[in-house]
Amino acid sequence: MRITNNMLINNMLSNLSNSLNRVSKYQNQVASKKKISLPSDDPIVASRALKLRTDVAEIEQYKRNVDDAESWMEITETTIMQIENVMQRARELTVDAANGTKTPEDMAKIKAEIEQLKAQMIQLANTTYSGRYIFSGFKTDKALLDEQGNFLIEVSDDEKMFYEIGIGDDIDVNVVGCDLFHGGSKGVAEGTKSRLIGTFDNLIAALESGNEKAVGDVIADIDTEIENILRVLSAVGARTNRLELTSNRLDDDYINFTKLMSKNEDVDLAEAIMHWTNEMNVYNAALAVGAKVIQPTLVDFLL
Amino acid sequence: MSGSSFFGIDIATRGLYSAQRGLATVNHNIGNITTPGFSRQVLEQRAARPILMANGTGMLGTGSEVIGVKRVRDEYLDVKYRTEAQYLGEWDVKQALLEELQVIYNEPSESGFNTVLNEFYDSLQRLSTDPSNPSTRAALKEKAVMLTKYFNSVAAHFEYMQNDINEIIYAKVQEINSLADQIAKLNQQIYSYEVSGNVANDLRDQRGYLVDKLARLINIEAYEVSYGKLPNGQDDMRFVITISGKALVDHNKVSYLTTIQRENKLNEEDIPDLYEVAWADGNRLVVKSGELKGYLDVRDGNEGLNGSSGFRGIPYYMRKLNEFVRTFALTFNEGLIDINGDGVVEDVMGHVDGYKLNSKEGDSAAGIRFFTMFDENGKPMSSEDFAKLGGGDIEEMYRHITAKNFSISSEIYEDPTNNICISSAPGEVGNFEVLRSLIDMRHNPYMFREGSPEDYIKTVISCVGVDGQLAMHYLNNQTAITQQIDNRRESVSGVSVNEEMSNLVRYQHAYKAAAKMIQTYDEILDVLVNRLGV
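The rules behind each value
- Residues numbered from 1 in each chain as written.
- Chains lettered and ligands numbered in written order.
- Predicted model: local features only at pLDDT ≥ 70, side-chain atom pairs only at ≥ 80, totals over all residues.
- Heavy atoms only, no water.
- Pairing = 2+ DSSP bridges.
- Helix = DSSP H or I, 4+ residues; strand = E, 2+ residues; numbered from the N terminus.
- Contact = heavy atoms within 4.5 Å.
- Axes fitted to C-alpha atoms, helices over the stretch in contact; angles between N-to-C directions.
- 1 Å grid on protein atoms, 1.4 Å probe; cavity = no way out; pocket = protein on both sides within 12 Å on 5 of 7 lines; lining within 4 Å.
- Points joined across faces, edges and corners; volume = space filled by probe spheres on them.
- Nonpolar A, V, L, I, M, F, W, Y, C, P; charged D, E, K, R; others polar.
- Phe/Tyr/Trp six-rings, centres within 6.5 Å; stacked < 30°, edge-to-face > 60°.
- Buried < 20%, exposed > 50% of the residue type's maximum accessible area, 1.4 Å probe, protein only.
- Lys NZ or Arg CZ within 6 Å of the ring centre and 35° of its normal.
- Core = buried A, V, L, I, M, F, W, Y, C linked by side-chain atoms within 4.5 Å.
- Domains from an automatic or database assignment.
- UniProt positions renumbered as here; feature names shortened; annotations may be inferred.
- Buried area = accessible area lost by both parts, 1.4 Å probe.
- Salt bridge = Lys/Arg side-chain N within 4 Å of Asp/Glu carboxyl O.
- Polar contact = N/O pair within 3.5 Å; in protein donor to acceptor, adjacent residues only side chain to side chain.
- Parallel < 35°, antiparallel > 145°, perpendicular 65-115°, else oblique.
- Left-handed = near helix turned anticlockwise from the far one by under 90°.

### Considering the sheet that holds strand β5 (residues 221-229) of chain B
All names here are of chain B. Across the sheet, which stays open at both edges, the four strands sit in the order β5-β6-β7-β8 with antiparallel pairing between neighbours. Of all the strands in the sheet, just β5 and β8 (253-254) have a single pairing partner and so form its edges. Bridge analysis of β5 against strand β6 (residues 235-243) gives seven bridges, and the strand direction is antiparallel. Looking at β6, one finds that Ser226 is bridged to Met237. Of the strands in this sheet, β5, β6 and β7 (246-250) touch helix α5 (residues 201-217), which is tilted by about 20° from β6.

### Some points on the layout of surface pockets
Of the volumes computed, that of the largest pocket is approximately 1200 Å³. Asn21, Lys25 and Asp41 of chain A together with Met472 and Asn476 of chain B are, among the 38 residues lining the largest pocket, the residues nearest its centre. Of all the secondary-structure elements, those providing two or more residues to the lining of the largest pocket are α1 (5-32) and α7 (269-294) of chain A together with α2 (75-105) and α13 (453-493) of chain B. Sort the elements by how many residues they give to the lining of the largest pocket and α1 of chain A lands first, with eleven residues. Considered class by class, the residues forming the lining of the largest pocket number ten nonpolar, 19 polar and nine charged. Of all the secondary-structure elements, those providing two or more residues to the lining of the second largest pocket are α1 of chain A together with α2, α5 and α13 of chain B. Ranked by residue count, the leading element in the lining of the second largest pocket is α13 of chain B, at eight residues.

### Considerations on the packing of aromatic side chains
Two descriptors summarise a pair of aromatic rings, namely the distance from one centre to the other and the angle between the planes of the rings. Residues and elements named next belong to chain B. Scanning the model with the defined rule gives 30 aromatic pairs over all chains in all. Ring geometry for Phe113 against Tyr150: centres 5.9 Å apart, planes inclined by 50°, an arrangement best described as tilted. Of the two residues, Phe113 is situated in helix α3 (residues 113-129) and Tyr150 in helix α4 (residues 134-194); the sequence distance between them amounts to 37 residues. Each of the two residues, Phe113 as well as Tyr150, counts as buried. Geometrically, the ring pair formed by Phe386 and Tyr398 is edge-to-face, given 5.2 Å between the ring centres and 80° between the ring planes. Taken together, the residues span a long stretch of sequence, with Phe386 in helix α8 (residues 383-390) and Tyr398 in helix α9 (residues 394-399) at a distance of twelve residues. On the basis of relative accessibility, which here comes to 3%, the residue Tyr398 falls in the buried class. Across the ring face of Trp91, the terminal group of Lys94 is positioned such that the distance to the ring centre comes to 4.7 Å.

### A word on the nonpolar core
Among the nonpolar cores identified, the biggest contains 166 residues, and Phe181 of chain A together with Phe120, Phe328 and Phe371 of chain B are the most heavily contacted of them. For this core, the element with the highest residue contribution is α4 of chain B, accounting for 20 residues. Viewed by domain, this core spans two of them, domain 2 (76-104 + 161-311) and domain 3 (313-446) of chain B, each represented by three or more residues. Apart from residues no more than four positions distant in its own chain, Phe120 of chain B is found in contact with Leu140, Lys143, Ala144, Leu147, Phe328, Phe332, Phe370 and Phe371 of chain B. Within the second largest apolar cluster, five residues are counted, among which are Ile33, Val495, Val497 and Met501 of chain B.

### Section: the UniProt feature "domain: Flagellar hook-associated protein FlgK helical" (unreviewed entry) in chain B
As annotated in UniProt, the feature "domain: Flagellar hook-associated protein FlgK helical" (unreviewed entry) corresponds to residues 98-334 of chain B in the numbering used here. Overall, residues 98-334 of chain B shows 57% helix and 15% strand. The separation of its end C-alpha atoms is 36 Å.

### Observations regarding the interface of chain B and chain A
Note: interface size is frequently given as the accessible area lost on complex formation between the parts. The partner chain A presents 48 residues to the 56 residues of chain B that form the contact. Between chain B and chain A, roughly 4500 Å² of surface is buried when both sides are summed, and carbon and sulfur atoms account for 52% of that area. With a shortest N-O distance of 3.2 Å, Asp130 of chain B and Arg132 of chain A are connected by a salt bridge. Viewed at the interface, chain A and chain B are joined by 30 residue pairs in polar contact (both at pLDDT 80 or more). Secondary-structure elements contributing two or more residues to the side of chain B that touches chain A are α2, α3, α12 (433-441), α13 and α14 (497-531) of chain B. Here the side of chain B that touches chain A takes 15 residues from α13 of chain B, the largest share from any one element. Here the side of chain B that touches chain A is composed, by residue class, of 15 nonpolar, 24 polar and 17 charged.

### A short note on unusual backbone geometry
With an omega of -10°, the peptide bond between Glu107 of chain B and Pro108 of chain B qualifies as cis. When you line up the elements, Pro108 of chain B lands in the loop between α2 and α3. Positive phi is not limited to glycine here, since Lys33 of chain A has a value of about 60°. With respect to the helices and strands, Lys33 of chain A occurs in the loop between α1 and α2 (43-98). Residue classification places Lys33 of chain A among the partly exposed positions, given a relative accessible area of 47%. One non-glycine residue with positive phi stands out, namely Ser244 of chain B, at about 45°. Residue placement: Ser244 of chain B occurs in the loop between β6 and β7. For Ser244 of chain B, a relative accessible area of 33% translates into the label partly exposed.

### Topic: the UniProt feature "domain: Flagellin C-terminal" (unreviewed entry) in chain A
Sequence positions flagged by UniProt for "domain: Flagellin C-terminal" (unreviewed entry) are, in local numbering, residues 221-295 of chain A. Secondary structure content for residues 221-295 of chain A is 95% helix and 0% strand, and the end C-alpha separation is 109 Å.

### Concerning the packing of α4 of chain B against helix α7 (residues 314-334) of chain B
Residues and elements named next belong to chain B. Across the interface, α4 lies against α7 with an axial gap of 10 Å and an inter-helix angle of 160°. If you check the angle between α4 and α7, you find them roughly antiparallel. Two packed elements cross with a definite hand, and for α4 against α7 that hand is left-handed. Of α7, the residues touching α4 (which contributes Leu147, Phe151, Val154, Ala155, Phe158, Glu159, Met161, Gln162 and Ile165) are Ile314, Pro315, Tyr317, Met318, Leu321, Phe324, Val325 and Phe328. Among the residues making up the contact of α4 with α7, the classes are represented as 15 nonpolar, one polar and one charged.

### Digging into the pairing of strand β5 (residues 169-172) of chain A
All names here are of chain A. As paired elements, strand β4 (residues 162-166) and β5 share four bridges and run antiparallel to each other. Bridge pairing links Phe162 to Asp172 in β5. In textbook terms, the turn of a hairpin is the stretch between consecutive antiparallel strands, and for β4 and β5 this stretch comprises two residues, one of which, Gly168, has a positive phi near 65°.

Set out below in structure tokens:
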């Protein structure tokens, strides 16, 4: 084949440009730390990258939801424990009052304390978390009980707040007021007297009458309420437990998925730099050889 | 005659002339080393007609003569080059434009669709953990605006791009006409030269170069046809260029191409008044390859819909975006979605089924659509005005939404605190049952034919990625093929400096030697005339 000067120059140019393209590819990889800059560089990596990014973003959301659920349930759990403490104190006082050695003054003192406990109980029923009443079901802007212990709102069992903590995995975070303060009932109408507060009322009435037998009769009711509170508390505990497990799993998932994401789209820096150096050497060699080849012709020797 | 005193000087003079023409040819070649399309020329030289000696001693040579200057060219390679250049032009354009399309989608990145959609759902989740909080509601509104703006911006960029390509198509048609014009003029000139038996080497090179350029633009066939015999007995050759069988250049006549603004859009997604390319005489033009085909395919290609090419161009990607926002808005607003993949659309809770935050016991569902579109003034449309567009037909209503005009409704825009309706019952600020239904939809694999919202966009991005990769491969192949043919052509027709230098030396010596011959005869004659003097 006849080789002409233009052929040499054209070939050299196209070789240099190919070589420079590869240099630029690895340079981009090193600078961006990403394997690809356009989907067409590798459509499979690109579509996997999109999928994994979504997965990671979702796990992050679920982690935040779990954190929020944990805070909500923590305040619920603490409040229910306080409620239980109040009930235990009321029980102690009641047992004390029922043992038949109390003077009317003692009875009056006990009654006064029970009244305080009732007020405290109503306050606990109206506990808020960042401005929201935690036992009011969906009506989080409204208090649950009035000062007498009547339900201010209609509350029902299906007013459960579900937080999403995984794909298709919901957890209910709230305890509905009727469950805790009305003996585990499914729903309660507005204006109904809370059974738990009713027990306090009965106790106060019995203390007022000074009838020790009547006071003693209330103990059974108090025990029923305590039993109910403990049932709710253990349910909350079980859910908190589940949240903790989910939280751990999400932490693991997060690590795994970010690892996968990195493996999919991040470049191995050492490898990229090596490729770059290699291509740069090729480019330099091509330049040097090219410069030598296209220069000399007969013209240089004809003088 | 054979004894003529000056016969030798005549032969030597012919030698001088031949060497001179040779040097001139070398000079011409060297001067045109960098002229695009130039073919090297060689001297056609032969021994001059000899003289028959009357005394029976045979023929006496009379030196050399130049019979012409020939251009070295392989016509077969020209045809081959032009066939391949058409596809090189087409894929060069497609590759560059597909890269531009991918940049518009901006994926994978930290600011593309994926991020925007993730953040939108993230804000829905945040709202679920604090449903009555005005700031989480305001945040959701902002994220929704971001989502709609993403689509508006991508659609606007597609439109700019379609418009730009349309202008380029106009320019390319003008370029084709102008090249055809120049070729027709050259044809006339070449014909006039050659009719008298000459060869118009350099004009032919110029024409060849223009035809090469034309071949990149559109599918052409270029050939010389015989129109019969000239009076001098030679073939009457005329040069013709055809596009899909119809002559663009017929010797010195040109049939022009023209651009006509379309009255009816080819695709619903197109911008108005795109140019249709046709023959100026009204005939239909079939563009099969070349840059023009590349531009037309990217501008019009809608997977073969509406008679467009099977290529996936701007209308295809616009349609995909529109389909997305329509289905997404319909599902999100109305809660119409196929839950279990049985092909039947179920009516679950959508945003219209929700109650306002400040609703009171006894209020009915607010019926507010979260997503609507911009009205003709560019303002978000209210849910009610939007509903009127359909005239009772929900599908029809959503057909008005495009990626370009996709927006949140004016209600949400003006008062997100109250008008984001996520409660399934009136007067319950902590109720987010509707929101749960909306969040659930994200993982519904039947929301789109392609799956969930992410799957849908992933499919589109993979599609543009694969097409881009394919275009890159085609371009690389085509570049290699074209370059190889061009190299072969260069190998035949290119100027080699070494070769020219050798010829230079060769002709220089021939000239010197011929001059020496004259000097020798001069000396002989000097002896004869001056020294033998009486």
